[in-house]
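Chains, contacts and geometry: an overview
Residues per chain, in single letters:
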Amino acid sequence: MSDIAIRVENLSKRYEIGRAGTRHDTLRDALAGLFRREGRGRSEAFWALRDVSFEVKRGEVVGIIGRNGAGKSTLLKVLSQITEPTGGRAEIHGRVGSLLEVGTGFHPELTGRENIYLNGAILGMRREEIARKFDEIVAFSEIEKFLDTPVKRYSSGMYVRLAFAVAAHLEPEILLVDEVLAVGDAAFQKKALGKMGSVVEEGRTVLFVSHNMAAIRSLTSRALCIRRGEVAIDATSGVAIEQYLYEFQTSTAGAITSIDYYRRELMQDTPIKTKDIQILGNSNEEIAVISMGEPFEIRLWLHATQPIDGANLTITLRNSRDERVATIFSWDYGVEISVSPGDHTVIAKICDLSLPPGAYYVDVGINQDTQTRAYDVISGFPLCRVVSENEIHYWPDRPWGAVHVSNVIWRINARNTP
Amino acid sequence: MRAEQSGVPTIENGAPLSAANAAPLPTLVIEPARGRFSLQLDRLWAYRELLYFLVWRDVKVRYKQTALGVAWIVLQPLLTTLIFTVLFGMLLEVPSGDVPYPVFALTGLVPWQYFAGALTRTSASLVGNAHLITKVYFPRLIIPLTGVLSGLVDFAIGFVLKAVMLNIYRIQPTPAVLLLHAFLLLAMATALGFGLWLAALNVRYRDIGYLVPFFIQIWLYATPVAYGSTLIPEQYRWLLGLNPMTGVVEGFRWALLGQAPPGRLFALSVAITTVVLLTGLVYFRRTERTFADVV
């Protein structure tokens with residue numbers, strides 16, 4: 001028997017914009033539509049997927065990355081049989097389960113207990129299977145006390161925990177997952193990620209869509225980058241992510257992902273938070289790519305709602321393997337953040353740091369002291385890409401270390417020279 | 001899209017083997033639909049537990065959300081019977097045969113209200129469950145089926161009410177009571193047939209949602225619920241036969257009250273329901289693959 005779990009061949013999906021996509025939500029729209037009928041012939045076709053081909057081996061965990069609207073979710077929807085392809089074919093060998101959302105079919109009037117059964121059945125679990133895993137699901141969700149309370153009275157955190165707990169106990173041979181880890185608070189995300197990690201270790205086949213590059217990097221070995229409905233990159237996760245981020249950063253539409261996506265542990269009514277992070281080049285304009293060895297400036301936009309006095313600003317640079325390359329504490333340089341309410345910028349010029357080529361991410365934290373929680377933490381924000389001046393020497397898998405040694409004095413002598 | 005068992009030679013008649021390594025993996029082939037039509041009853045059967053849970057959810061939620069709960073199910077036919085009795089029985093003096101008018105009206109109302117409820121729920125079902133359709137795969141037929149089945153609980157309660165009423169008026173059901181389930185089945189099939197059409201059309205044309213209540217109201221007057229078909233002149237009575245619900249209501253009155261059997265027109269009712277149900281199934285199956293894109 002072959003060891004292929006998923007085989008996708010020239011899969012395409014076309015949407016008709018302006019015809020099938022038109023919603024007749026009201027009687028008036030529909031009546032107006034009747035009179036516009038002759039104009040409808042020129043509906044535009046939009047290819048959400050175009051000739052997508054790839055294979056996934058049994059036990060392989062493949063990440064799917066790409067911008068919003070690139071076609072990642074359409075791919076999962078076609079593979080989950082929610083929508084039908086326009087062309088091509090896909091073969092899936094094994095029981096498949098898909099998780100495109102957590103809490104699908106949850107009903108607010110029903111209790112937690114009732115929703116576990118309902119949601120489990122909707123995800124494709126058998127009744128006895130749900131009954132068997134029931135205690136495990138409840139334990140994972142940490143909502144024991146509220147099991148018989150209608151979920152409409154749950155906090156959003158409880159709701160998400162319960163929903164994820166049911167989903168996490170789905171055990172098909174092949175799992176299709178869409179961005180479901182981006183829910184809940186930081187602690188729960190960590191737990192969810194851990195659960196996903198154990199799914200991966202069990203040797204199940206997983207297709208995993210995410211915008212969270214750290215998750216893709218830690219869970220998957222290979223990643224497909226989808227660009228305008230086509231597979232643009234099919235490589236090891238590290239390479240695919242680097243290449244994807246490079247494109248993401250250098251294109252103007254790159255800023256669609258909000259910084260809030262990377263925000264962690266935000267206090268309620270925090271007095272100060274980071275609004276944006278930019279890289280400034282020599283001519284003081286925003287850039288996304290810097291040359292290896294060149295000095296660069298990091299500009300932070302801060303918004304304070306209360307006066308801040310003597311806070312510390314931490315900037316941590318990470319490389320694409322999620323290693324901390326450098327951590328900069330403003331206190332070390334005798335700099336304290338003391339600002340009045342309003343918007344402020346902080347510029348840190350990095351004069352003496354030579355980063356090897358690759359994609360870089362930044363964590364930014366603002367804290368008042370070392371005991372209490374930080375005011376605001378941004379983590380894993382895509383910062384920039386460093387390229388070496390001699391691109392001719394660049395190759396994707398080249399094992400650069402964590403730091404670049406800019407100045408090496410070599411001596412090469414012949415052996416027999418005295 | 002279709003599912004097929006992979007052709008591993010070691011398996012006979014597709015029975016799964018228990019050994020983990022040798023277990024045949026089901027192979028799912030996803031491709032654009034070809035012309036051939038299939039009801040996919042096997043898939044429907046595989047998803048029967050989901051159907052059960054969705055019916056259970058519908059019933060549970062319906063009783064949880066209302067303050068009066070189950071009392072509603074009893075009050076609704078009772079109040080309507082009261083209004084009908086005053087309006088048609090006393091003021092207009094509509095003939096009700098050899099039984100008191102309230103029993104006559106209630107006997108017709110219980111199957112009618114089941115039908116009206118089932119049709120309303122079914123035609124709104126796809127749009128109402130859009131969040132499921134766009135996020136999970138299952139045979140879409142389950143959704144309208146849920147609408148038809150979840151009404152049976154209300155029907156059962158209404159039926160008990162009717163039995164109590166018959167007892168009060170000391171009316172003995174005829175032996176034809178054994179055929180009641182056939183009339184109920186006709187009501188279900190009619191609701192499902194029209195419901196399939198309306199549900200699928202409603203995905204694309206939301207006006208259906210506004211038309212259905214109006215449509216059902218007219219249908220009530222075209223069905224001998226408040227009156228008997230004997231009120232209609234002989235030569236026009238076949239028109240009533242075009243309405244399958246005539247057969248259902250008359251069948252109930254025949255079985256429970258011993259009134260005239262539905263007669264030849266019943267065959268017409270069954271034929272019409274069969275045609276609507278079959279075309280509804282075909283139309284539904286043909287359009288269901290675009291539901292997720294359009295809804």
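Residues numbered from 1 in each chain as written. Chains lettered and ligands numbered in written order. Predicted model: local features only at pLDDT ≥ 70, side-chain atom pairs only at ≥ 80, totals over all residues.

What follows deals with the interface of chain A and chain B. In many analyses, interface size is given as the accessible surface area lost on bringing the parts together. Each partner contributes to the interface: chain A provides 41 residues, whereas chain B provides 36 residues. At 6 residues, the largest contribution of residues to the side of chain A that touches chain B is made by strand β4 (residues 87-93) of chain A. With 4 bridges connecting them, β4(A) and strand β2 (residues 26-30) of chain B associate as antiparallel partners. The residue of β2(B) that forms the bridge with Glu91(A) is Val29(B). (Contact = placed C-beta atoms within 7 Å. Helix = DSSP H or I, 4+ residues; strand = E, 2+ residues; numbered from the N terminus. Pairing = 2+ DSSP bridges.)

What follows deals with the sheet that holds strand β6 (residues 174-178) of chain A. Residues and elements named next belong to chain A. Spatial ordering of the open sheet is given by β5-β6-β7-β3-β8-β9, a layout of 6 strands whose pairing is mixed. The two strands at the open ends of the sheet, each matched to only one other strand, are β5 (96-99) and β9 (230-236). With strand direction ignored, the average angle separating the axes of adjacent strands in the sheet is 15°. Judged from the 4 bridges that link them, strand β3 (residues 61-65) and strand β7 (residues 205-209) form a sheet pairing that is parallel. Residue pairing for β7: Gly63 is matched across the bridge by Phe208. (Axes fitted to C-alpha atoms, helices over the stretch in contact; angles between N-to-C directions.)

It is worth spelling out the sheet that holds strand β12 (residues 286-287) of chain A at this point. All names here are of chain A. Taken in spatial order, the 4 strands of this open sheet run β12-β11-β14-β18, and their pairing is antiparallel. Looking at strand neighbours, the two that pair on one side only are β12 and β18 (342-350), the edges of this open sheet. Both strand β14 (residues 296-304) and β18 contribute to a ladder of 9 bridges, which runs antiparallel. Within the sheet, the bridge partner assigned to His303 lies in β18 and is Asp343.

Residues and elements named next belong to chain A. As a packed pair, helix α3 (residues 112-122) and helix α4 (residues 127-141) sit with axes 10 Å apart at the nearest point and diverge in direction by 125°. Taken together, the axes of α3 and α4 are oblique relative to one another. At the point where α3 passes α4, the crossing takes the right-handed sense. On α4, the residues that touch Ile116, Tyr117, Gly120 and Ala121 of α3 are Arg127, Ile130, Phe134 and Ile137. Within the contact of α3 with α4, the residues separate by chemical class into 6 nonpolar, 1 polar and 1 charged. (Parallel < 35°, antiparallel > 145°, perpendicular 65-115°, else oblique. Left-handed = near helix turned anticlockwise from the far one by under 90°. Nonpolar A, V, L, I, M, F, W, Y, C, P; charged D, E, K, R; others polar.)

This brings us to helix α5 (residues 156-168) of chain A. All names here are of chain A. In a regular helix each residue adds 1.5 Å, so 13 residues correspond to 18 Å; α5 covers 18 Å between its end C-alpha atoms and thus fits that length. Most of α5 is tucked away: 10 of the 13 residues are buried. Inspection of α5 places Tyr159, Val160, Arg161, Leu162, Ala163, Phe164, Ala165, Val166, Ala167 and Ala168 among the buried residues, and these make up the whole buried set. (Expected span 1.5 Å × (residues − 1). Buried ≥ 20, exposed ≤ 12 C-beta atoms within 10 Å, placed from the backbone.)

It is worth spelling out the pairing of β6(A) at this point. For a regular strand, the rule is simple: side chains alternate between the two faces of the sheet. All names here are of chain A. In terms of burial, β6 is a largely internal element, 5 of the 5 residues being buried. Here β6 shows two buried faces, one formed by Ile174, Leu176 and Asp178 and the other by Leu175 and Val177. As judged from the 4 bridges shared by β5 and β6, these two strands associate in the parallel manner. Note that in β6 the partner of Val96 across the bridge is Ile174. Note that β6 and β7 share 5 bridges and pair parallel. Paired with Leu176 across the strands is Leu207, a residue of β7.

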